[in-house]
Amino acid sequence: MEKERFNNLIKEKLGNINLIVVSNREPIAHEYVGKKIKAVKSIGGLTIALEPIMRNLHGTWIAYGGGSADKVVSDGNGKIKLPEGEESYTLKRIFLTKNDLNEYYYGYANSVLWPLCHTVYVKPVFNSNQFLSYNEVNKKFADSIIEEIKESNNANGDNGAAVLENVVWLQDYHLARCAKYLKEYDENIKTSIFWHIPWPNPEIFSVCPEKMKLLEGLLANDLIGFQIIYHCQNFLRACEWELEAQVNWADYSVTYKGHKTKVMPFPISVDANYLNHLAKSEDVDKIIDNIQKNDEIIEPSYEFLAVSVDRLDYTKGIIEKLTAIDRLLENHPELQGKFVFVQFGVLSRVHIDAYKKFNDDISGLINNINWKYRTSDWYPIVRYFKQLDLEVYLAYYRLCNVMIVSPLHDGMNLVSKEYIMSDTDYNGMLILSRFAGASKEMYDALLVNPFDTECFAKKIYNGLFMSREEKERRISKMQNIIMENDIYDWAYNFLTALYLI
Ligand code: F6P
């Protein structure tokens, strides 16, 4: 959907709502770099997807202010107009304590809910104190939303304007308990949540000691969105199993304690037109030119290039991918000296032991594989773990012969969609895990089970040697699918579904 069409439709249909979007992660953090303050864009899928939406909706976005200079640049209420120069929406920052972060973010959200929902054989570490803190932080977010609603109601009352309908759109697994507190304050606040990560099957979910509280918190929402229908079904089954709530399978709704919640799939997407144009821009052409003349990241020369961009997380299948690359080079010695794989990424959640161990494991494996095949002027695997500008990633997307996206389990995975929109020369092919939500739409990619090393290696080989015609046929088909459901369609579909409730 074109940006302008989105804006018009939203104005026409949802012109009289006060929309508050709420997430843990803020879209832009202000950080001290020496004595200067720098605005740093967050890199996660959630913030990248929602930022263009908020720039067009002009609403309020409430999030945790984690940047070292966030307090200094915000007003007394934690508010700042963003992005700089455009000032199209308001970010209202909530400041959390170190203890909140340890117990709520590193603790319950990322040591319990993250592994539980991703089903990737990293055991959730349950800890009831962390849940108490998770709950408290959810209440803090709810208090901040309520304060915002009161302010907006008063401002409209003072102007003599009609009071707008208050609509809250919570984001992700950090905020499962928030709606409950909003509804306790005022049951007329329209409350919704989009769950960006998978929802596990009922057997996996049943081991969680706080399962009832999580379900009850979520069912306070009027609408719950998941990425794909399978996650909706898992959630509905959990409601039947655990709460014996009344589930209506005909219209995908749950009635619990007299309140009805709709549960629907909304596959998240990217700003397709923007990416497609940016990938073809002069800026990206120049970067490609520089890379071809003097690549500052990839030292060994190559004939075939494979690329991945992942946040360094144990759900992303990085170990399985490296193992498949090792197998590819074993099975095809003719590629030795000619094939290079670059793993881009940034470190993530490094205060959690499972992540520290994972980072060590990746480094160890990369060293071993490089040592196994290394010659005097070539080695197969390059890692680059610093954040780069989007334009640089797009340049490598255009240059590579295969892009590998191989999570063990992923709600959607927006990198795969970003890549498809930027493969403007049809030079490369996407190798995509069947266990990423994106595989339900991107079925023309080469789909892999990342646990099946032999097959995974074969698919990489097939991607490298696929004809240009075949690549063009598959990639353009996937580009059309993304164009049909881009980030504006996603937001529009969610908000209109909420509006119709
Ligand atoms: O959906 C999961 C998600 O919120 C993604 O948007 C993002 O990739 C990741 O988690 C970000 O995690 P964090 O905010 O912990 O860095």
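Computed from a predicted model, the values in this text were never measured in an experiment.

So, on to the overall build of the protein chain. Counting secondary structure elements, the protein chain contains 18 helices and 18 strands. A globule of 501 residues ought to have a C-alpha radius of gyration of about 23 Å, and the protein chain, at 23 Å, matches this closely. The principal-axis extent of the C-alpha atoms belonging to the protein chain is close to 75 × 50 × 45 Å. Buried residues in the protein chain amount to 60% of all 501 residues. Of all intrachain contacts in the protein chain linking residues separated by at least 6 positions in sequence, the fraction that spans at least 24 positions is 75%. Summing over all exposed atoms, the protein chain offers an accessible surface of approximately 20,900 Å²; the carbon and sulfur share of this is 49%. The averaged location of the 67 negative side-chain charges in the protein chain is 2 Å from the averaged location of its 56 positive side-chain charges.

By the criterion of burial, helix α14 (residues 390-399) is predominantly enclosed, with eight of the ten residues buried. Buried-residue contacts for α14 involve α10 (272-279), α11 (282-293), β13 (304-311), β14 (339-346), β16 (402-405) and α15 (414-422).

Of note, the amide linkage connecting Leu82 to Pro83 takes the cis form, showing an omega dihedral of -20°. Inspection of the secondary structure puts Pro83 in the loop between β5 (79-82) and β6 (89-94). For Thr119, which is not glycine, the phi torsion reads 45° and is therefore positive. Note that Thr119 resides in the loop between α4 (98-118) and α5 (128-159). The residue Tyr426 is not glycine, and still its phi comes out positive at about 55°. In this fold, Tyr426 is placed in the loop between α15 and β17 (429-433).

Quick look at the sheet that holds strand β18 (residues 446-448) now. Strand order in the open sheet formed by six strands is β15-β14-β13-β16-β17-β18, and the pairing between neighbours is parallel. Since the sheet does not close on itself, it has two edges, and those belong to β15 (381-384) and β18, each with one partner. On average, adjacent strands in this sheet sit at an angle of 20° to one another, irrespective of strand direction. Here three bridges tie β17 to β18, and the two strands are oriented parallel to one another.

Under the counting rule described, the total for this entry stands at 27 aromatic pairs. When the centroid spacing of 4.6 Å and the interplanar angle of 15° are considered together, the rings of Trp169 and Phe494 count as stacked. Within this pair, whereas Trp169 is found in strand β7 (residues 165-171), its partner Phe494 is found in helix α18 (residues 487-499), the two being separated by 325 residues in sequence. Given the relative accessible area of 0%, Trp169 is considered buried. Taking the ring centre of Tyr181 as reference, the NZ or CZ of Lys139 above it sits at 5.9 Å. Positioned above the aromatic ring of Trp114 is the side chain of Arg349, whose terminal nitrogen or guanidinium carbon lies 4.1 Å from the ring centre.

One can find Arg93 in strand β6. A residue is classified by how much of its surface remains accessible, and Arg93, at 4% relative accessible area, is buried. In terms of polar contacts, Arg93 uses its side chain to reach the side chain of Ser74, at 3.1 Å. When sequence neighbours within four positions are dropped, the list of residues in contact with Arg93 reads Glu26, Ile28, Ala29, His30, Ala63, Gly65, Asp70, Val73, Ser74, Asn77, Gly78 and Ile80.

As a further point, take a nonpolar patch on the surface. A grouping of Tyr32, Ile37 and Val72 is seen on the molecular surface, where their side chains present a nonpolar patch of about 270 Å² in accessible area. The residue Tyr32 is located in strand β2 (residues 28-33) in this model.

As a further point, take the pairing of strand β4 (residues 60-64). Here β4 lies mainly inside the structure; five of its five residues are buried. Of the two faces of β4, the one holding Thr60, Ile62 and Tyr64 and the one holding Trp61 and Ala63 are both buried throughout. The sheet contact formed by strand β1 (residues 17-22) and β4 spans three bridges and is parallel. Looking at the pairing, Ile20 lines up with Thr60 of β4.

Glancing now at the site of the ligand. Surrounding the ligand, one finds Arg25, Gly44, Gly45, Leu46, Tyr105, Trp114, Asp172, His196, Ile197, Arg311 and Arg349. Between the ligand and the protein, one listed contact pairs an oxygen atom with a backbone N or O atom of Gly45 at 3.3 Å. Separating an oxygen atom of the ligand from a side-chain N or O atom of Tyr105 is a distance of 2.4 Å. The protein chains hide 86% of the 390 Å² of surface that the ligand would expose on its own. Among the elements of the structure, α2 (45-57) and α4 are those that each provide at least two residues to the shell around the ligand. In terms of residue class, the shell around the ligand is made up of four nonpolar, three polar and four charged.

The two faces of strand β9 (residues 223-226) match: Leu223 and Gly225 on one face and Ile224 and Phe226 on the other face are all buried. In the sheet, strand β8 (residues 190-194) pairs with β9 via three bridges, with the strands oriented parallel. The residue of β9 that forms the bridge with Ile193 is Ile224.

A word on the domain arrangement of the protein chain. Here the domain parsing of the protein chain yields domain 1 (3-95 + 141-268 + 488-500) and domain 2 (272-483). Spacing between the C-alpha centres of domain 1 and domain 2 amounts to 31 Å. Between domain 1 and domain 2, the contact holds 15 residues from the first and 15 residues from the second. Buried surface at the junction of domain 1 and domain 2, summed over both partners, amounts to about 1,000 Å²; 67% is from carbon and sulfur atoms. Where domain 1 packs against domain 2, one counts zero salt bridges. Counting across the domain 1 and domain 2 interface gives two residue pairs in polar contact (both at pLDDT 80 or more). Here the element with the most residues in the side of domain 1 that touches domain 2 is α2; it accounts for three residues. Grouping the constituent residues of the side of domain 1 that touches domain 2 by class yields nine nonpolar, four polar and two charged.

Right, let's talk about the sheet that holds β7 for a bit. Taken together, ten strands build an open sheet; the order of strands is β5-β6-β4-β1-β7-β8-β9-β12-β11-β10 and the sheet is mixed. The open sheet is flanked by β5 and β10 (246-248), the only strands paired with a single partner. For this sheet, the mean inter-axis angle between neighbouring strands, taken without regard to orientation, is 20°. Across four bridges, the pairing between strand β11 (residues 253-256) and strand β12 (residues 259-265) is antiparallel. By the bridge assignment, Tyr256 is partnered in β12 with His259.

Conventions adopted
Once a new chain begins, its residue numbering starts again from 1 and follows that chain's sequence as written. Per-residue local features of the predicted model are confined to residues with pLDDT of at least 70, and side-chain atom pairs are confined, for both listing and counting, to 80 or more; whole-chain, interface and lining totals are unaffected and use all residues. With hydrogens and water set aside, each side-chain value is computed from the structure's full complement of heavy atoms. Counting from the N terminus, the helices are the DSSP runs of H or I reaching at least four residues and the strands are the DSSP runs of E reaching at least two. In this treatment the radius of gyration is a C-alpha quantity, and the globule benchmark scales as 2.2 Å times the residue count to the 0.38 power. Here the term buried applies to any residue with accessible area under 20% of the maximum for its type, exposed to any over 50%, and partly exposed to those in between, with areas from a 1.4 Å probe on protein chains only. Here, two residues are considered to be in contact whenever any of their heavy atoms come within 4.5 Å of each other. The method behind every accessible area is Shrake-Rupley, applied with a 1.4 Å probe, and residues are considered shielded solely by the protein chains displayed. Charge assignment in this entry is limited to Lys and Arg as positive and Asp and Glu as negative, and neither His nor the chain termini are counted. Taken as the charge location is NZ of Lys, CZ of Arg, CG of Asp or CD of Glu. Whether two strands pair comes down to DSSP finding at least two bridges between them. Axis lines are fitted through C-alpha atoms, for helices just across the contact stretch, and the angle between N-to-C directions can take any value from 0 to 180 degrees. Each Phe, Tyr or Trp ring, with Trp reduced to its six-membered ring, pairs with another whose centre is within 6.5 Å; inter-plane angles below 30 degrees give stacked pairs, above 60 give edge-to-face pairs, and intermediate values give tilted ones. In this analysis the charged atom, NZ for Lys or CZ for Arg, is taken to sit over a ring once it is within 6 Å of the ring centre and within 35 degrees of the ring normal. We call two N or O atoms a polar contact when they sit within 3.5 Å, provided that within protein one can donate a hydrogen and the other can accept it, with sequence-adjacent residues counted only if both atoms are side-chain atoms. Patch building starts from residues that exceed 30% relative accessible area and form no salt bridge, then joins like charges within 9 Å and nonpolar side chains (Val, Leu, Ile, Met, Phe, Trp, Tyr) within 5 Å. Within this document, salt bridges are pairs made up of a side-chain nitrogen of Lys or Arg and a carboxyl oxygen of Asp or Glu, the two lying within 4 Å of each other. Throughout this document, a residue counts as near a molecule or strand when at least one of its heavy atoms sits within 4 Å of that molecule or strand. Note that Gly is not counted as nonpolar here; it falls among the polar residues with everything else outside the nonpolar set of Ala, Val, Leu, Ile, Met, Phe, Trp, Tyr, Cys and Pro and the charged set of Asp, Glu, Lys and Arg. Each domain's limits were defined by an automated method or a database of domain assignments. Buried area adds together the accessible area that both of two parts lose upon being put together, with accessible area traced by a 1.4 Å probe.

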